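Letter by letter, the chains look like this.
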Amino acid sequence: MHILKPCKLMYTLSFRFSCSLHLSHFLAMLRGGLWDMVIAMVLWGVWLPSCLSQTTSPSQDGKIKFRLAGYPRKHNEGRVEVFYNGEWGTICDDDFTLANAHVLCRHLGFVEALSWSHSAKYGPGTGKIWLDNVMCGGSENSIEKCVSRGWGNSDCTHQEDAGVVCKDERLPGDCSWLVNENRMENIHLRPLSGAHAGRMPVTEGVIEVKFKEGWGHICNTGWTTKNSRVVCGMMGFPSQRTMGKKPSSSSRKKLLLLWIHSVACTGNEAHLSACSMEFSKANSSASCPDGGAAVVSCVPGPLFTQGRARRVKLKPMSQVRLKGGAKTGEGRVEVLKGSEWGTVCDDHWNLQSSSVVCRELGFGTAKEALTGARMGQGMGPIYMNEVQCRGDEKSLWDCPHKSITAEDCKHMEDASVICNIPYMGFEKSIRLTGGRTQLEGRVELLLSTGSGVRDWGLVCGDGWTSREAMVVCRQLGLGHASSGLRETWYWDSSNVTEMVLSGVKCKGNEMTLTDCQHHSVVSCKRAGAQFSAGVICSDMASDLVLNAPLVEQTVYIEDRPLHLLYCAAEENCLAKSAAQANWPYGHRRLLRFSSEIHNIGKADFRPRLGRHSWVWHECHRHYHSMDIFTYYDLLSLNGTKVADGHKASFCLEDTECHEGVSKHYECANFGEQGITVDCWDLYRHDIDCQWIDITDVKPGNYILQVIINPNFEVAESDITNNAMRCNCKYDGNRVWLHKCHLGDSFSEEAEKEFEHYPGQLNNKIS
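Each value, and the rule that gives it
- Residues numbered from 1 in each chain as written.
- Predicted model: local features only at pLDDT ≥ 70, side-chain atom pairs only at ≥ 80, totals over all residues.
- Heavy atoms only, no water.
- UniProt positions renumbered as here; feature names shortened; annotations may be inferred.
- Disulfide = S-S within 2.5 Å.
- Helix = DSSP H or I, 4+ residues; strand = E, 2+ residues; numbered from the N terminus.
- Buried < 20%, exposed > 50% of the residue type's maximum accessible area, 1.4 Å probe, protein only.
- Phe/Tyr/Trp six-rings, centres within 6.5 Å; stacked < 30°, edge-to-face > 60°.
- Pairing = 2+ DSSP bridges.
- Core = buried A, V, L, I, M, F, W, Y, C linked by side-chain atoms within 4.5 Å.
- Contact = heavy atoms within 4.5 Å.

You'll find the chain entered in an unreviewed UniProt entry as Lysyl oxidase homolog, with Sinocyclocheilus rhinocerous given as the organism. As recorded by UniProt, the Sequence similarities (unreviewed entry) comment attached to the chain reads in full: "Belongs to the lysyl oxidase family." One UniProt comment on the chain, placed under Catalytic activity (unreviewed entry), says "L-lysyl-[protein] + O2 + H2O = (S)-2-amino-6-oxohexanoyl-[protein] + H2O2 + NH4(+)".

## Remarks on the state of the cysteines
All chains considered together, the criterion is met by 14 disulfides. Linked covalently through their sulfurs, C345 and C409 form a disulfide whose S-S length is 1.5 Å. For the disulfide bridge between C345 and C409, the dihedral angle about the S-S bond is near 55 degrees, and by the sign convention the bridge is right-handed. Of this pair, C345 sits in the loop between strand 16 (340-344) and helix 6 (351-360) while C409 sits in the loop between strand 19 (402-403) and strand 20 (416-419); the two residues are 64 residues apart in sequence, bridging distant segments of the chain. By the burial criterion, C345 is buried, and C409 matches it. Distance from the sulfur of C728, which forms no disulfide, to the nearest cysteine sulfur (C726) is 8.1 Å.

## With respect to the packing of aromatic side chains
Taken as a whole and judged by the stated rule, the model has 14 aromatic pairs. On the basis of an interplanar angle of 5 degrees and a centroid distance of 3.9 Å, the ring pair of Y84 and W151 is categorised as stacked. Separated by 67 residues along the polypeptide, Y84 in strand 2 (residues 77-84) and W151 in the loop between strand 5 (128-131) and strand 6 (163-166) bring together distant segments of the chain. In this structure Y84 comes out as buried when scored by relative accessible area, which is 16%. Taking the relative accessible area as the measure of exposure, W151 reaches 26% and is therefore partly exposed. Residues Y490 and W491 carry aromatic rings whose centres are separated by 5.5 Å and whose planes lie at 75 degrees to one another, so their mutual orientation is edge-to-face.

## Here we look at the sheet that holds strand 27 (residues 544-546)
Pairing between the strands of a sheet comes from backbone hydrogen bonds, and it takes one of two forms, parallel or antiparallel. Ordered by their spatial adjacency, four strands build an open sheet running 27-30-36-35, and the pairing between neighbours is antiparallel. In this open sheet, the two strands that pair with only one neighbour each are strand 27 and strand 35 (656-657). As paired elements, strand 30 (residues 595-599) and strand 36 (residues 679-683) share four bridges and run antiparallel to each other. Residue E596 lies in a different strand from strand 36, and its bridge partner there is L682.

## Quick word on the nonpolar core
Counting 36 residues, the largest nonpolar core has F629, L634, I694, L704 and M724 as the members making the most contacts within it. At the level of elements, strand 27, helix 8 (548-554), strand 33 (630-635), strand 38 (700-708), strand 39 (723-730) and strand 40 (735-742) are the ones that each hand at least two residues to this core. Setting aside anything within four residues of it in sequence, one finds I694 in contact with I557, R589, L590, L591, L634, A643 and Y730. Judged by nonpolar contacts, the second largest core, of 27 residues, contains V320, W349, L351 and A366.

## Quick word on helix 4 (residues 98-107)
With eight of ten residues buried, helix 4 lies mostly within the body of the structure. The complete set of buried residues in helix 4 reads A99, N100, A101, H102, V103, L104, C105 and H107. Each element contacted by the buried residues of helix 4 is listed here: strand 1 (65-69), strand 2, strand 3 (87-91), strand 4 (113-117) and strand 6. Where helix 4 terminates, the next one or two residues include G109, which has phi positive at roughly 95 degrees.

Shown next, in the form of structure tokens:
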């Protein structure tokens with residue numbers, strides 16, 4: 001039933017040829033009728049012995065073979081499977097090392113390994129687990145020469161199947177790339193009728209699968225809803241509908257090279273290639289008895305339903321969320337337990353568990369299950385470890401898992417996912433021009449005018465911040481925002497001069513720029529392309545969070561004499577009433593606390609302006625690299641501000657770092673300012689301006705609020721965690737803080753209760 005490629009045919013005829021002859025040249029010779037030349041070349045001994053007799057590796061002895069299986073993102077990575085004693089099986093990840101991966105990649109015909117994976121990253125295999133506790137030096141020419149427990153002796157499960165990523169460079173003389181592996185390179189849905197061709201997303205259509213040889217259909221004989229569930233998941237949809245339609249014969253393409261049939265999925269696979277199936281030639285009479293191609297109808301998640309601008313929540317708030325990702329459908333996995341959000345440890349984290357998260361959030365199956373805090377570290381509790389989902393659970397909490405202790409896991413092991421999402425074509429209506437690379441440029445939008453005409457136009461730079469830039473970079477699929485620019489005069493101008501959008505104000509999580517608030521009629525204070533909005537995108541971004549418990553632990557009140565506050569007054573760190581005080585006599589009452597700002601992102605936090613633009617303050621003798629780095633506010637229970645303070649970013653530097661991380665920034669001697677990834681900057685409670693002037697505040701119950709990077713001058717991967725709030729009781733002489741927390745660490749219900757708490761009768765919450 002398998003296709004017999006020309007190179008395979010040559011092998012069956014006992015011809016031998018060299019891998020140095022490219023397959024396309026060989027096929028051209030056949031099409032040109034040059035059989036005599038081919039035979040002559042064989043007879044002359046020009047072609048060297050081939051490796052086509054080996055289906056998986058260049059040095060087999062007829063007993064052991066190797067292959068890559070599982071979710072096939074690329075041809076050089078996957079779950080390692082070994083054929084031994086007439087049966088395919090897997091290798092356990094216990095004691096697995098990069099040296100082991102080098103040996104296996106050479107077995108597979110590659111020069112070396114780039115990395116290896118554990119916990120069945122590419123999906124669990126089936127059958128035997130042939131090898132366990134494998135320990136290679138890395139130079140062995142066969143896995144049999146490595147230390148192990150012996151063939152078939154293992155105490156592992158398939159949740160511990162090992163995988164490898166090999167360097168995409170073949171060993172000399174290896175021709176295994178010529179063998180037809182029936183590898184799916186892409187899959188899409190072709191709408192059943194032209195009337196639906198322009199709608200996004202495509203939720204219903206004929207399944208078409210792309211291989212190296214071309215596009216193929218799937219035979220609908222025996223097609224099940226479980227199969228549809230897998231395909232819909234790959235298309236970015238959480239579920240499927242029962243589909244009875246079959247495409248008409250006129251809708252079928254005639255020149256497809258492959259049919260897939262006898263597909264049998266369990267419904268929990270993350271990718272169609274993980275299902276059992278058979279392949280055949282398209283012109284085979286037995287390829288599909290009733291001649292129909294499989295069709296699916298998928299149910300989109302809430303974010304992708306028609307009329308997205310008018311969408312409403314279709315279900316109660318989920319108990320899982322994604323944080324820190326650049327694109328829709330990716331991020332660090334966080335789960336809600338009680339009223340507080342926490343993270344998931346990456347032990348045994350795999351595609352099945354990731355797919356449960358993705359479907360729960362209204363996306364499809366998981367494209368990647370990421371470990372090692374690839375989307376940044378969380379700051380709250382770690383709730384779950386060794387999660388092992390089947391794939392059909394409604395919630396991650398329904399999956400078998402272990403509770404966590406402080407010794408089990410650290411935030412450097414936080415699990416993340418990248419989900420399949422429906423293709424929406426958002427990038428077609430926006431572009432960047434004039435930049436030095438594809439990651440930067442002036443923002444241009446394609447909008448329809450009242451007459452239905454589409455011409456490209458500019459976006460007004462007034463009020464443009466990194467939040468708006470985040471949305472642009474997401475819409476273009478270019479990752480995080482590095483900068484949002486209000487002037488773009490230094491970039492090459494295009495012939496586009498008309499402003500088509502102004503007053504843009506984004507939350508930062510929108511999928512397109514037109515989803516953000518904006519003026520109904522364009523109104524731009526500064527006309528001209530040189531004042532239009534621009535962006536610089538980046539693969540990585542910083543993420544600042546405040547150590548909330550430290551604020552609660554260090555708070556106190558100080559009555560500070562006015563003669564010690566001249567420098568603070570010069571930097572506007574006191575309330576306005578201080579100007580009418582009887583200087584230098586008297587004092588100001590200050591609410592003081594320490595603030596420790598951590599960078600938990602994947603890029604250093606750097607001031608937006610270069611050091612040539614920093615401002616020197618003679619009184620305190622330091623440079624300010626940002627006008628406003630932090631806001632300190634005291635709010636009444638109804639949200640009214642009763643007192644405030646602010647912190648300019650003087651001496652923005654690495655005070656301490658996690659183990660193994662080096663400090664990069666030190667402000668002494670006009671040094672560079674910033675906060676390195678996995679480091680933090682500590683502003684002690686006893687330094688100037690680290691306070692709120694509460695001289696005019698009456699005793700009562702309040703809310704203390706601290707906001708980092710409040711004007712979004714510097715882009716971050718997550719801006720929802722930039723605020724911290726505490727319950728505050730001030731009795732006229734003393735102060736107490738309670739429930740200090742980041743703005744996104746509580747559930748919505750708990751946050752509402754926090755805002756309306758009844759107050760305190762003493763130093764405890766009543």
